[in-house]
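What follows is the residue order along each chain.
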Amino acid sequence: MRGIRKICVYCGSSMGADPAFIAAARDFGRILAENDIGLVYGGGDLGLMGAVAHAVLSAGGHVTGIIPRFLQKRENMLESVQDLLVVEDMHERKRLMFEKADAFVALPGGIGTLEELVEQLTWVQLQRHDKPVLIADIAGFWRPLLSLLDHMRELGFIRANSEARYLVRDRVEDILPALQAAFAEALAPGAALRPEF
């Protein structure tokens, strides 16, 4: 069975207040390139998005950027990536990011990052795909969300028979091994069902 070839990274177009965030983005980009795993991301040159893409490129890796036309200037589209897809809207961006990736990682970010992560968790919960989803809890960034998910379980809104499966790691060096193990255990991650947009 083939392994992970491309990982989609969701993250902020801002740097964030903690230097650990930008360090994590750069370290993870380097790790992807060193392991010959391509990056799929939102196509911008700002914040953590730009940091992870530049790190992959600097280490000789492959980057696929997917950006809606209306965000080309706002997110300062990174034209030096190997594959740059300019699409018409956010729905097309998210669909292509899903189709091109074997796994998903959420680094720190804002509302857009949260929305993309939660959408993937929803699709996993609804058994629309079996690709691994990992929450990178860098410096405790995602702790409030993880607490909320636990709260939902406690109050019966996430039931055992419809769990939103995800991985959590707080160290960058642990992300890729966790994803590779989950990918190997998945029933058919390469034959995922098409999500419904």
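The coordinates are above.
This text gives an overview of the structure that appears in the document. By convention here, each chain's residues receive numbers from 1 onward along its written sequence. Reporting of local features is limited, given that this is a predicted model, to residues whose pLDDT is at least 70; pairs of side-chain atoms are given and counted only at 80 or more, and all residues count toward the totals for whole chains, interfaces and linings. Side-chain metrics rest on all non-hydrogen atoms present in the structure, leaving aside hydrogens and water.

### Focus on the nonpolar core
Applied cut-off: Nonpolar cores were defined as sets of buried Ala, Val, Leu, Ile, Met, Phe, Trp, Tyr and Cys residues, with membership established by side-chain atoms within 4.5 Å. Between buried and exposed lies partly exposed: a residue is buried under 20% and exposed over 50% of the maximum accessible area for its type, with that area taken using a 1.4 Å probe on protein chains only. Secondary structure elements are defined from DSSP: runs of H or I of at least 4 residues count as helices, runs of E of at least 2 residues count as strands, and each element is numbered from the N terminus.
Membership of the largest hydrophobic core comes to 36 residues, with the highest contact counts inside it found for Ile 7, Leu 39 and Val 105. For this core, the secondary structure elements donating two or more residues are strand E1 (6-10), helix H1 (19-34), strand E2 (38-41), helix H2 (47-58), strand E5 (103-106), strand E6 (133-136) and helix H6 (175-185).

### As for the packing of helix H3 (residues 90-100) against helix H4 (residues 111-125)
Where we set the bar: To get an axis, fit a line to the C-alpha atoms, keeping to the stretch in contact for a helix; angles then go from 0 to 180 degrees between the N-to-C directions. Any angle that is under 35 degrees is reported as roughly parallel, and any over 145 degrees as roughly antiparallel; angles of 65 to 115 degrees are reported as roughly perpendicular and all others as oblique. By the definition used in this description, the sense in which the near helix is turned from the far one sets the handedness, with an anticlockwise turn below a right angle giving left-handed and a clockwise turn giving right-handed. Contact criterion: two residues are considered in contact whenever any of their non-hydrogen atoms come within 4.5 Å of each other. Nonpolar residues are Ala, Val, Leu, Ile, Met, Phe, Trp, Tyr, Cys and Pro. Charged residues are Asp, Glu, Lys and Arg, and all others, Gly as well, are polar.
Viewed as axis vectors pointing N to C, H3 and H4 meet at an angle of 55°, and their least axial separation amounts to 12 Å. Relative to H4, the element H3 is oriented oblique. Relative to H4, the crossing made by H3 is right-handed. Contacts between H3 and H4 involve Lys 94, Met 97 and Phe 98 on the former and, on the latter, Glu 115, Glu 116, Glu 119, Gln 120 and Trp 123. Classifying every residue of the contact of H3 with H4 by side-chain character gives 3 nonpolar, 1 polar and 4 charged.

### So, the packing of H1 against H2
Two elements in contact, H1 and H2, have axes separated by 7 Å at closest approach and are oriented at 30°. Taken together, the axes of H1 and H2 lie roughly parallel to each other. The interaxial crossing formed by H1 with H2 has right-handed handedness. On H2, the residues that touch Phe 21, Ile 22, Ala 25, Arg 26, Gly 29, Arg 30, Leu 32 and Ala 33 of H1 are Gly 47, Leu 48, Ala 51, Val 52, Ala 55 and Val 56. Per-class residue counts for the contact of H1 with H2 are 10 nonpolar, 2 polar and 2 charged.

### With respect to the state of the cysteines
Condition: Defined by distance alone, a disulfide is two cysteine sulfur atoms within 2.5 Å.
Enumeration according to the criterion identifies 0 disulfides in this entry. Cys 8 takes part in no disulfide bond, and the closest cysteine sulfur, belonging to Cys 11, lies 9.1 Å away.

### What to know about the pattern of salt bridges
Applied cut-off: Put simply, a salt bridge is a Lys or Arg side-chain nitrogen that is within 4 Å of an Asp or Glu carboxyl oxygen.
Under the counting rule described, the total for this entry stands at 12 salt bridges. Glu 34 is paired through a salt bridge with Arg 30; the nearest N and O atoms lie 3.2 Å apart. Of this pair, Glu 34 and Arg 30 both sit in helix H1, 4 residues apart, which is roughly one turn of that helix. Taking the shortest distance from any N to any O, the salt bridge between Glu 163 and Arg 153 comes out at 2.9 Å. Of this pair, Glu 163 sits in the loop between helix H5 (143-154) and strand E7 (167-169) while Arg 153 is found in helix H5, placing the two residues 10 residues apart along the sequence. We classify Glu 163 as partly exposed; its relative accessible area is 26%. Ionic contacts of the salt-bridge type, sharing partners, join the residues Asp 27, Arg 30 and Glu 34 into one network.

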